[in-house]
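Commentary on secondary and tertiary structure
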Amino acid sequence: MIHPSYSELMAVVNSEVEEGEQPLVQSRYSIVKATAARAKEIIDARTVEEKIKKARMEANNNPKDKDSKDKPEERKISEEDAKKLQIGTPLIDNASNMKPLSIAVEELYEGKVKIVGNGDDSEIM
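These remarks concern the structure in this document. (Residues numbered from 1 in each chain as written. Predicted model: local features only at pLDDT ≥ 70, side-chain atom pairs only at ≥ 80, totals over all residues. Heavy atoms only, no water.)

Some remarks on helix H5 (residues 100-110)
Listing the buried residues of H5 in full gives Pro100, Ile103, Ala104, Val105, Glu107 and Leu108. Taken from the residues just after H5, Gly111 is the one with a positive phi, measuring 80 degrees. (Buried < 20%, exposed > 50% of the residue type's maximum accessible area, 1.4 Å probe, protein only. Helix = DSSP H or I, 4+ residues; strand = E, 2+ residues; numbered from the N terminus.)

As structure tokens, then:
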């Protein structure tokens, strides 16, 4: 049993639509696409976190770096990686023990992320 169900997610997403307007989400596909996009953001952020962790471990194990002026914590990450970290940071509690798709579904259900329409398609915000 999947909780929340597609219909529950669609109700949450469409709850902010004013009466008389067309619902933002009309199909399961929109929910699947939005949660998959959000899960991808979370996966990208975790990849950057792992890259940073690996670089710190390598720096701590390399004797040449111990004499270096820059400490591993002080090294800069690229702007792209910083953006991925900012966007992909989970917005719910206890996310460290959850899979990215489960996090994305829970964020959508709790209203932490929104689906916004942009013409023919929808995207997560």
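Digging into the pattern of salt bridges
Summed over all chains, the structure comprises six salt bridges. For Glu16, the salt bridge is made with Lys114, and the minimal N-O distance between the two is 2.7 Å. With Glu16 in the loop between helix H1 (6-14) and helix H2 (28-61) and Lys114 in the loop between H5 and strand S1 (115-118), this pair connects stretches of sequence that are 98 residues apart. Look at Glu16 and you get exposed, because its relative accessible area is 57%. The exposure class assigned to Lys114 is partly exposed, which follows from its relative accessible area of 35%. One salt bridge connects Glu107 with Arg38, and the closest N-O pair in it is separated by 2.6 Å. You can see Glu107 sitting in helix H5 and its partner Arg38 sitting in helix H2, a full 69 residues away along the chain. Given the relative accessible area of 0%, Glu107 is considered buried. Through salt bridges with shared partners, one network takes in Arg38, Glu41 and Glu107. (Salt bridge = Lys/Arg side-chain N within 4 Å of Asp/Glu carboxyl O.)

Comments concerning the nonpolar core
Judged by nonpolar contacts, Leu9, Val13, Val25, Ile31, Ala34, Val105, Leu108, Val113 and Ile115 together constitute the single largest core of nine residues. Every element with two or more residues in this core is listed here: H1, H2 and H5. (Core = buried A, V, L, I, M, F, W, Y, C linked by side-chain atoms within 4.5 Å.)

As for the side chain of Arg38
Judged by relative accessible area, Arg38 falls into the buried class, the value being 3%. Among the polar contacts listed, one links the side chain of Arg38 to the backbone oxygen of Ile87, at a separation of 2.7 Å. (Polar contact = N/O pair within 3.5 Å; in protein donor to acceptor, adjacent residues only side chain to side chain.)

A few points about helix H4 (residues 79-88)
Among the residues making up H4, those that are buried are Asp81, Leu85 and Gly88. The arc that holds every buried residue of H4, seen down its axis, measures 90 degrees, which confines them to one face. Residues of H4 that are exposed and point over 90 degrees away from its buried face: Glu79, Glu80, Lys83 and Gln86. In this structure, the buried side of H4 is in contact with H2. (Arc of directions from axis to C-beta. Contact = heavy atoms within 4.5 Å.)

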